[in-house]
Amino acid sequence: MDFASDNTAGASQRILDAILAANAGPAAAYGADSFSAKATELLSEVFEKEIACFLVATGTASNALALGAICPPFGAVFCHQESHIMEDECGAPEMFTAGAKLVGIPGHAGKIGGEDLAATIAAFPRGAVKQVQPAALSLSQATESGTLYSCEEISDLAAIAHGAGLEVHMDGARFANALVALPCKPADMSWRAGVDVLSFGATKNGALACEAVIFFDPAKASSLPYQRKRSGHTLSKGRFLGAQMVAYLEDGHWLGLAKTANAHAVRLAQGLAEAPGVRIVWPRQANEIFAILPRRTDTALKAAGALYYEWSSRRFDAGIAAPAQDEVFVRLVTSFATLSSDVERFVAIAQGRA
Ligand SMILES: *Cc1c(COP(=O)(O)O)cnc(C)c1O
């Protein structure tokens, strides 16, 4: 019963098979191979637009490289205060931008509100030499609270950002889970809503290690080949990244994987909502559930071997009562590899039936 994260799962068999198939014979090095070219072609089809695409091995590199391309060293990146770039990347965005400042904005359920965004940007006046200059907005979809921005909300936030001369980045580590949940078209959730650069995640949803930095205006990507290389993210045997992305996208494999992950989360959330004393904190919208468990339930689940993380109460901002002494605030994540039998066992224990 592993609900610790979606990266505790392995890789999908189809993607592993594609890596093996790409192993037969030589291929051009450093991403000049046919697999990587095919990946760009498929991503262009998926997003209904000519794009510039750079494959890397981690989401942190993807975010940091994307921000490095759109934000100068004296710039400010506006993001949610709990965002991955703010909390979980060890300063990579600051390093790859050569020193830009991340400005965290509070907001309910992991989401930034329009008024808060506008007010925060306004606190960094253009031309005020003592302050960093507004350069980018970074949105996470799905958010770090497992919630989603609607396409309209993304549009509204992007309009505020563009109006102030900012570029818009999206951290799409869970882009597929968000996409199939809304549901909507990839273009509508990205460039048509005003996203300029997207970190398109594949690893958490079934790749071995593959993420794409996607520029919807290829002209803005001119520095990326050099930035990727100097950061050590231009893989010598780049074909294996390309092969992963091709297998991920072909025949809608990525959508199927995300639907499976989300369906497990639906069932888990439903079962927990019916468990005595359990409170769901933020609405479950993709493949993550944040819940407050009675400590005895937590103890019983752990005794049965269940794995999940206790979540910091510092991050608690729900419209429901904060966790009490005899309660535990936890995060549960499902993946394409989650087993229904594990979900059912977990629910049965939480409901006191096992
Ligand atoms: C997992 C994750 C990433 C990428 O993390 P890596 O461990 O560097 O691959 C980025 N953003 C969010 C929101 C994530 O959950």
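What this report covers is the structure whose coordinates are included nearby. Just so you know, these numbers come straight off a predicted model, no measurement behind them.

Below, the discussion takes up the site of the ligand. With respect to spatial proximity, the complete set of residues near the ligand consists of Thr 58, Gly 59, Thr 60, Asn 63, His 84, Glu 89, Glu 144, Asp 171, Ala 173, Arg 174 and Lys 204. Take Gly 59: an N or O atom from its main chain is 2.9 Å from an oxygen atom of the ligand. Within the side chain of Asp 171, one N or O atom sits 2.6 Å away from a nitrogen atom of the ligand. Computed on the free molecule, the ligand has an accessible area of 380 Å², of which 80% lies beneath the protein chains in the complex. The biggest single contributor to the shell around the ligand is helix H3 (residues 59-70), with three residues. The residue makeup of the shell around the ligand, split by class, is one nonpolar, five polar and five charged.

What follows deals with the packing of aromatic side chains. Summed over the entire model, instances satisfying the criterion amount to 15 aromatic pairs. Centroid distance Trp 282 to Phe 329: 5.9 Å. Interplanar angle 65°. Geometry classified as edge-to-face. With Trp 282 in the loop between strand S8 (279-280) and strand S9 (288-294) and Phe 329 in strand S11 (residues 327-333), the pair connects residues that are 47 residues apart, well separated along the chain. Note on Phe 329: relative accessible area 2%, which makes it buried. Taken together through their ring pairs, the aromatic side chains of Phe 47, Phe 175, Phe 200, Phe 216, Tyr 248 and Trp 254 make up a single cluster. In this structure, Lys 49 packs its charged tip against the face of Trp 191, placed 5.2 Å from the ring centre.

The rules we used
Residues numbered from 1 in each chain as written. Predicted model: local features only at pLDDT ≥ 70, side-chain atom pairs only at ≥ 80, totals over all residues. Heavy atoms only, no water. Near = heavy atom within 4 Å. Polar contact = N/O pair within 3.5 Å; in protein donor to acceptor, adjacent residues only side chain to side chain. Areas by Shrake-Rupley, 256 points an atom, 1.4 Å probe, with all protein chains shown as cover. Helix = DSSP H or I, 4+ residues; strand = E, 2+ residues; numbered from the N terminus. Nonpolar A, V, L, I, M, F, W, Y, C, P; charged D, E, K, R; others polar. Phe/Tyr/Trp six-rings, centres within 6.5 Å; stacked < 30°, edge-to-face > 60°. Buried < 20%, exposed > 50% of the residue type's maximum accessible area, 1.4 Å probe, protein only. Lys NZ or Arg CZ within 6 Å of the ring centre and 35° of its normal.

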